[in-house]
Amino acid sequence: MLVTAGATREPLDPVRYLGNRSSGRMGFALAAAAREAGAEVVLVTGPAALATPRGVERVEVERAEQMHEAVMARIEGADLFIGAAAVADYRPAQEAPEKIKKGSGPLTLTLEPTPDILRAVAARRPRPFVVGFAAETTDLLEHARAKLRDKGLDLVAANRVGPGRGLEVERNSLEVLAAEGEPVSLPEQPKEDLARALIALVAERLEAGGR
Ligand code: CTP
Ligand code: CA
């Protein structure tokens, strides 16, 4: 299986980047749980201050573009893909070759879209079983359902994010949705336990014949 984790960093100039608050903890916990369950695991991660889980192959990237390339180069033959990374949706249209100097007025940045890795994996034929995350501050289930449908995922794990929730914290809860059936609620617990529960759900579906 392949799992993405952590935040990407989109460079602005040699010393600055656009990033986000993802620690990588959920993705690393998923890699560890899948390995424990017997999977051969490749973990493609943005910069994260976390130890590589035992038996897991770690591939380090910085930008969304590099994460996309690293995933596409390794996806062939994978049975399962989990997109747990908080991938930047936009990057600075220009990367300044030298440090941007302070001016007197406001600074305007132009951003351009990055590749959607999850969507790209789900569009492949043949394709692995594809699990996405949906990080939302409002209308959790509605937004998650839309992502499931729109990206053609097998499962989506929806989590509320915001101050003290979802990112930069040790515990989390998830609502897991498939195209059919009721959402499965995984109650608030340490991310390591949550990861084991999600891997067990995925394994059940894979054994039942995938999608
Ligand atoms: N994702 C990805 N590549 C991107 C953006 C997102 O692979 N360029 C993946 C994430 O890893 C996650 C899922 O898509 O599994 C949903 O990410 P999220 O940010 O919640 O949704 P988006 O589709 O980016 O929509 P928005 O940010 O507008 O809510
Ligand atoms: Ca996004």
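Being a predicted model, the structure only gives us computed values, none of them experimental.

So, about the overall build of the protein chain. Scanning the protein chain for helices and strands turns up five helices and twelve strands. Computed over the C-alpha atoms, the radius of gyration of the protein chain is 17 Å, within 12% of the 17 Å expected from 2.2 N^0.38 for a compact globule of 211 residues. Along the longest, intermediate and shortest principal axes, the C-alpha atoms of the protein chain span 60 × 35 × 30 Å. Counting only contacts in the protein chain whose residues sit at least 6 apart along the sequence, the fraction spanning at least 24 positions is 58%. Element-wise, carbon and sulfur atoms account for 48% of the exposed surface of the protein chain, whose accessible area totals about 11500 Å². Side chains of the protein chain carry 28 positive and 31 negative charges; the gap between the two charge centres is 3 Å.

Taken together, Asp89 (OD) and Asp89 (OD) make up the full set of protein donors to the calcium ion (ligand 2), lying 2.4 to 2.6 Å away. Of note, Asp89 is situated in the loop between strand 6 (80-83) and strand 7 (90-92).

Another aspect to go through is the confidence of the model for the protein chain. Taken over all residues, the pLDDT of the protein chain has a mean of 95, while the share at 70 or more is 99%. Per the prediction output, this complex has pTM 0.96; the corresponding ipTM is 0.98.

Looking along the chain, the bond that leaves Arg125 and enters Pro126 is cis, with omega of -5 degrees. Along the polypeptide, Pro126 turns up in the loop between helix 3 (117-122) and strand 9 (129-136). Despite not being glycine, Asp139 has its phi angle at roughly 45 degrees, a positive value. Relative to the helices and strands, Asp139 resides in the loop between strand 9 and helix 4 (140-151).

A word on the site of ligand 1. Near ligand 1 lie 16 residues; those nearest to it are Gly83, Ala85, Pro115, Lys147 and Lys151. Phe133 places a main-chain nitrogen or oxygen 2.9 Å from an oxygen atom of ligand 1. Taking Lys151, its side chain carries an N or O atom lying 2.6 Å from an oxygen atom of ligand 1. About the coverage of ligand 1: the protein hides 76% of its 570 Å² of free accessible area. Only helix 3, strand 9 and helix 4 provide two or more residues apiece to the shell around ligand 1.

So, how was this worked out
- Residues numbered from 1 in each chain as written.
- Chains lettered and ligands numbered in written order.
- Predicted model: local features only at pLDDT ≥ 70, side-chain atom pairs only at ≥ 80, totals over all residues.
- Heavy atoms only, no water.
- Helix = DSSP H or I, 4+ residues; strand = E, 2+ residues; numbered from the N terminus.
- Rg over C-alpha atoms; globule rule 2.2 N^0.38 Å.
- Contact = heavy atoms within 4.5 Å.
- Areas by Shrake-Rupley, 256 points an atom, 1.4 Å probe, with all protein chains shown as cover.
- Lys, Arg positive; Asp, Glu negative; His and termini not counted.
- Charge placed at Lys NZ, Arg CZ, Asp CG, Glu CD.
- Donors = N, O, S within 2.8 Å, 3.2 Å for Na, K, Ca; no water.
- pLDDT = per-residue confidence, 0-100.
- Near = heavy atom within 4 Å.
- Polar contact = N/O pair within 3.5 Å; in protein donor to acceptor, adjacent residues only side chain to side chain.

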